[in-house]
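Residues per chain, in single letters:
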Amino acid sequence: MNGRKPAQITLAVLVALALPGIAACEQRTPVAQKTKAPVASTKAATAVSFERETKAFAFTYEYPAQAAALPRLAAMLDAERAKALGELEAQTAEAQKEAADNDYPFNPHMLGVGWKVTGESPEMLSMVAEISSYSGGAHGNTGYEALIWDKAADKRIQLAALFTDMAMALEPLREGYCTALNVERREKRGEQIGEPDDMFNTCPPFAELVLVPYASSDSGFDRMMFIAAPYVAGPYVEGVYEISLPLSGAVLERIRPEYRAAFASPAE
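Residues numbered from 1 in each chain as written. Predicted model: local features only at pLDDT ≥ 70, side-chain atom pairs only at ≥ 80, totals over all residues. Heavy atoms only, no water.

## Structural notes on the sheet that holds strand β8 (residues 223–228)
With respect to topology, 3 strands assemble into an open sheet ordered β7-β8-β9, the strand pairing being antiparallel. Both edges of this open sheet fall to β7 (210–214) and β9 (241–246), since each of them pairs with a single strand only. When strand polarity is set aside, the average angle formed by the axes of neighbouring strands in this sheet is 25 degrees. Running over the sheet, helix α5 (residues 174–189) touches β8 and β9 and is turned about 145 degrees from β9. (Pairing = 2+ DSSP bridges. Helix = DSSP H or I, 4+ residues; strand = E, 2+ residues; numbered from the N terminus. Axes fitted to C-alpha atoms, helices over the stretch in contact; angles between N-to-C directions. Contact = heavy atoms within 4.5 Å.)

So, in structure tokens, the structure goes:
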């Protein structure tokens, strides 16, 4: 590898790449957590799970009841699912033809997209998707995508829309993230971090990670989750690095007024 691969991969781009070939201000102690946000009650809506399997490919697409309860969001996800399935069908057919024309074996392909909630408030819903794909090579690919839904505006928004200045808002979390990342690296590797100039020993910039707000309780969003896909913070064998950090007052000061109620104040 000559460099890190960005973790923020849109579904369409990931499919296109994967199928042709496999390629601190006021901060509390950082704590690594897995995505297990509280699930809000959802009237009538149920989680959506779609599967299609043929001799040539397997396709799955899932999203939770919280997303299904928001009609415009559900419609957007359904459209994304249909587009992804169509692309998978077309690209798999092309791969089968290429294999037959060149007299080499064809291995069935796979694409799976699974959305899960990282937090919900009356103002917004946040989710993250794990996107897994395989196109017959040595191993599959895994990418991640974040989604923030503004309930009042009834539309998807980018993370930057939550802040008056996102770079300045996240700066207080930088040192804590790099420290927590190295703790997890040592746990996975069973040894101290090696040469600092090695690409898998440096602390990747936030631009190469998937960031999504996270709620550890029903009080509101109180943490930021940082997801480094394989190859971003470590080699493929180390898998994903998923770390969440508490939001300090310095971070919350830069939340836009219209979203401030969605976030919980730091504990005293």
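## Observations regarding helix α3 (residues 71–101)
For α3, built from 31 residues, the straight-helix expectation of 45 Å at 1.5 Å per residue is met to within 8% by its first-to-last C-alpha distance of 45 Å. Buried residues of α3: Leu 73, Ala 74, Leu 77, Glu 80, Arg 81, Ala 84, Leu 85, Leu 88, Thr 92, Ala 95 and Ala 99, and no others. Asp 103 lies just past α3 and shows a positive phi near 55 degrees. (Expected span 1.5 Å × (residues − 1). Buried < 20%, exposed > 50% of the residue type's maximum accessible area, 1.4 Å probe, protein only.)

## Notes on the environment of Phe 226
Relative to the assigned elements, Phe 226 resides in strand β8. What makes Phe 226 buried here is its relative accessible area of 0%. Each C-alpha atom, one on Phe 226 and one on Leu 181, is 9.8 Å from the other, the two residues being 45 residues apart in sequence. With residues near it in sequence (within four places) discarded, Phe 226 still touches Leu 173, Tyr 177, Phe 206, Leu 209, Val 210, Leu 211, Tyr 241, Glu 242, Ile 243 and Leu 245.

## Here's the deal with the sheet that holds strand β6 (residues 155–157)
Either a parallel or an antiparallel arrangement is found when strands of a sheet pair, and the pairing is made through backbone hydrogen bonds. With respect to topology, 6 strands assemble into an open sheet ordered β1-β2-β3-β4-β5-β6, the strand pairing being mixed. Since the sheet does not close on itself, it has two edges, and those belong to β1 (48–53) and β6, each with one partner. In this sheet, neighbouring strand axes are inclined to one another by 20 degrees on average, regardless of whether the strands run parallel or antiparallel. Relative to strand β3 (residues 109–120), strand β2 (residues 57–63) is paired through 6 bridges, and the arrangement is parallel. Bridging from a neighbouring strand, Tyr 61 pairs with Val 113 of β3. α3 rests against β1, β2, β3, β4 (124–134), β5 (141–150) and β6 of the sheet, and its axis sits at about 170 degrees to β2.

## Remarks on the packing of aromatic side chains
In total, this model carries 6 aromatic pairs according to the counting rule given. Their ring planes at 75 degrees and their centres at 5.8 Å tell us that Tyr 177 and Phe 206 sit as a pair that is edge-to-face. Placement of the pair is Tyr 177 in helix α5 and Phe 206 in the loop between α5 and β7, with a sequence separation of 29 residues. Residue classification places Phe 206 among the buried residues on the basis of a relative accessible area of 17%. Summarising the aromatic geometry, the rings of Tyr 177 and Phe 226 are spaced 5.1 Å apart at their centres and angled 40 degrees between planes, so their arrangement reads as tilted. Here the residue Tyr 177 occupies a position in helix α5, and Phe 226 occupies one in strand β8, the gap between them amounting to 49 residues. Classification of Tyr 177 by relative accessible area gives buried; the value is 0%. Clustering of aromatic rings is evident, with ring pairs tying together Tyr 177, Phe 206 and Phe 226. Its guanidinium or amino end placed over the ring of Phe 50, Arg 81 lies 4.6 Å from that ring's centre, counting from NZ or CZ. (Phe/Tyr/Trp six-rings, centres within 6.5 Å; stacked < 30°, edge-to-face > 60°. Lys NZ or Arg CZ within 6 Å of the ring centre and 35° of its normal.)

## Observations regarding the nonpolar core
A general trend in soluble globular proteins is that nonpolar side chains are found buried together. Counting 42 residues, the largest nonpolar core has Leu 162, Phe 163, Tyr 177, Met 224, Phe 226 and Phe 263 as its most contacted members. Going through the elements one at a time, β4, β5, α4 (166–170), α5, β7, β8, β9 and α6 (249–252) are the ones with two or more residues in this core. Counting residues in each nonpolar core, the second largest holds 24 residues, with Phe 59, Leu 88, Val 117 and Met 127 among its members. (Core = buried A, V, L, I, M, F, W, Y, C linked by side-chain atoms within 4.5 Å.)

## Description of the pairing of β9
The element β9 is extensively covered by neighbouring structure, given that 6 of its 6 residues are classed as buried. The sheet contact formed by β8 and β9 spans 6 bridges and is antiparallel. Within the sheet, the bridge partner assigned to Ile 227 lies in β9 and is Glu 242.

## Here's the deal with the pairing of β8
By the criterion of burial, β8 is predominantly enclosed, with 6 of the 6 residues buried. Alternating positions in β8 separate into two faces, Arg 223, Met 225 and Ile 227 on one and Met 224, Phe 226 and Ala 228 on the other, with burial throughout. Summarising the sheet, β7 and β8 pair through 5 bridges and their orientation is antiparallel. Among the inter-strand pairings, Val 210 is bridged to a residue of β8, identified as Ile 227.

## A look at unusual backbone geometry
With a phi close to 55 degrees, Asp 103 is a non-glycine residue in the positive phi region. Note that Asp 103 resides in the loop between α3 and β3. What makes Asp 103 exposed here is its relative accessible area of 73%. Not every positive phi belongs to a glycine, and Asp 154 is a case in point at roughly 55 degrees. Topologically, Asp 154 is positioned in the loop between β5 and β6.

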